[in-house]
Amino acid sequence: MALKFDTSFDPAYGQGVSVAPDVQRVTAGNPSPFTFHGTNSYVVGRDALAVIDPGPDDEAHLQTLLDVIAGRPVSHIFVSHTHRDHSPLAARLKERTGAQVLAEGPHRPARPLHIGETNPLDASADTAFVPDIALPDSELVSGDGWAIRTVLTPGHTANHAAFALEGTGILFSADHVMGWATSIVAPPDGAMADYMASLDRLIERGDRLLLPGHGGPVAAPRAFMRGLKTHRKMRERAILERIRAGDRTIPAMVKAIYRDTDPRLHGAAGLSVLAHLEDLVGRGVVATDTAPAIDGVFTPGR
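Rules of the game
- Note that residues are indexed from 1 along each chain, following the sequence as it is written.
- Reporting of local features is limited, given that this is a predicted model, to residues whose pLDDT is at least 70; pairs of side-chain atoms are given and counted only at 80 or more, and all residues count toward the totals for whole chains, interfaces and linings.
- Note that water and hydrogens are dropped before the side-chain values are worked out from all heavy atoms of the structure.
- Stacked, edge-to-face and tilted labels apply to pairs of Phe, Tyr and Trp rings (six-membered ring for Trp) whose centres lie within 6.5 Å, assigned for plane angles under 30 degrees, over 60, and everything in between, in that order.
- Charge-over-ring contacts are defined here by two conditions on Lys NZ or Arg CZ: a distance within 6 Å of the ring centre and an angle within 35 degrees of the ring normal.
- Secondary structure elements follow DSSP: runs of H or I of four or more residues count as helices, runs of E of two or more count as strands, with numbering from the N terminus.
- For every residue, the accessible area (1.4 Å probe, protein chains only) is compared with the maximum for its type, and the residue is labelled buried under 20%, exposed over 50%, or partly exposed between those bounds.
- Any two residues whose heavy atoms approach within 4.5 Å at even a single point are treated as in contact.
- Pairing between strands requires that DSSP locate at least two bridges from one strand to the other.
- Between N-to-C directions, angles cover 0 to 180 degrees, with each direction set by a line fitted to C-alpha atoms, over the stretch in contact for helices.
- Counted as a polar contact is a pair of N or O atoms within 3.5 Å, where, for protein atoms, one must be capable of donating a hydrogen and the other of accepting one, and residues adjacent in sequence contribute only when both atoms are in side chains.
- To qualify as a nonpolar core, a set must consist of buried Ala, Val, Leu, Ile, Met, Phe, Trp, Tyr and Cys residues joined through side-chain atoms within 4.5 Å.

Topic: the packing of aromatic side chains
In step 1: Enumeration according to the criterion identifies six aromatic pairs in this entry.
In step 2: Taken together, the ring pairs connect Phe9, Phe36 and Trp180 into an aromatic cluster.
In step 3: Lying across the ring of Tyr195, Arg232 places its NZ or CZ 4.8 Å from the centre.

As structure tokens, this is what we get:
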């Protein structure tokens, strides 16, 4: 299918929006080129609740979540990954509710840093986050009238997880799959090979509805994810074409490939190109004298 993004989204700040039976979405007021209209938190359940992705450390968002919770007990707080727009509010929400915080684990890069390399994504990482319970793949956590299964989906971050609402066909896909834009996969925190493998895993699952970390629901997930996979393969081909045309550096490739993209996103685009190049170098399709780096020089491989 042709990949079509849906940007028709009303964040409805300050209130809960019902998006499925016993599931309400609460969107934080943190819009940006990277977060769209803001981060989506989800309140799951009827009498005793779970919260998925509490969001940024924002007083107004905390108050809206508490208003939607409306005094009902909260037993679990699930965190999909440790970016500052998703995990920091977990600590304050735990203080107010007494809930346990669950996630794959603390923040970590997808690979060790190379000698002399600095991580440009440090500011976006919630390195203080430590869950009460570390979730292995396929772990099933049951609450009052709901059960949530962990589906590990590394790629966007090494510790990224999606959460399946058992028995419903609903998957909370966080930042791995979103209907408004592609996910950022940026080394060293993310890895393209991991992202593609996780995408294949979600395609195979066959969920009927995705509720993402930003923007509106994805109502035809399998077709949309196949489109995402095709999009990534096309981006890979575009990078290879630029290298064959003589481009040797990431800035030169970004200038050509992302010429119609908001310049504020060119830094992230460069990291996305690096993610593809790491994968291509690993497969021997592209060559570089050292480990793939944002300031590296790249040539055709075998």
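Having seen it, we continue.
Describing the environment of Pro300
In step 1: Position of Pro300 among the secondary structure elements: in strand 14 (residues 298–300).
In step 2: Accessibility expressed as a relative area gives 41% for Pro300, which makes it partly exposed.
In step 3: Separated by 50 residues in sequence, Pro300 and Ile250 place their C-alpha atoms 14 Å apart.
In step 4: In contact with Pro300, other than residues within four places in its own chain, are Ile243, Arg248, Val285, Val286 and Ala287.

Here we look at the sheet that holds strand 9 (residues 147–152)
In step 1: Read across the open sheet, the five strands follow the order 8-9-10-11-12; overall the sheet is mixed. Two strands bound the open sheet, and with one partner strand each, they are strand 8 (140–142) and strand 12 (209–212). Between one strand and the next, the sheet's axes are offset by a mean angle of 25°, whatever the strand orientation.
In step 2: Looking at chain direction, strand 11 (residues 170–174) and strand 12 are connected through four bridges and run parallel.

Structural notes on the sheet that holds strand 5 (residues 74–78)
In step 1: Pairing is mixed in the open sheet, where seven strands are placed in the order 1-2-3-4-5-6-7. Edge strands, defined here as strands with exactly one partner in the open sheet, are strand 1 (17–20) and strand 7 (133–134).
In step 2: Examined bridge by bridge, strand 4 (residues 49–52) and strand 5 share four bridges and lie parallel to one another. Bridged to Ala50 within strand 5 is His76.
In step 3: Relative to the sheet, helix 1 (residues 59–69) contacts strand 2 (23–27), strand 3 (40–44), strand 4 and strand 5, its axis offset from that of strand 2 by approximately 160°.
In step 4: Here helix 2 (residues 89–97) sits on the sheet in contact with strand 4, strand 5 and strand 6 (100–103), set at roughly 175° to strand 5.

Topic: the side chain of Asp207
In step 1: The residue Asp207 is located in the loop between helix 3 (192–205) and strand 12 in this model.
In step 2: For Asp207, a relative accessible area of 10% corresponds to the buried category.
In step 3: A polar contact of 2.8 Å, which involves the side chain of Asp207, links it to the side chain of Arg205.

Focus: the nonpolar core
A general feature of soluble globular proteins is that nonpolar side chains tend to end up buried together.
In step 1: Core analysis: the biggest nonpolar cluster contains 20 residues, and Val23, Phe78 and Phe172 have the highest contact counts within it.
In step 2: Among the secondary structure elements, those contributing two or more residues to this core are strand 1, strand 3, strand 4, strand 10 (161–165), strand 11 and strand 12.
In step 3: A total of three residues in this core trace back to one element, the largest contributor, which is strand 10.
In step 4: Apart from the residues lying within four places of it in its own chain, the contact partners of Phe172 are Val23, Tyr42, Val44, Ile52, Ala162, Phe163, Leu165 and Leu211.

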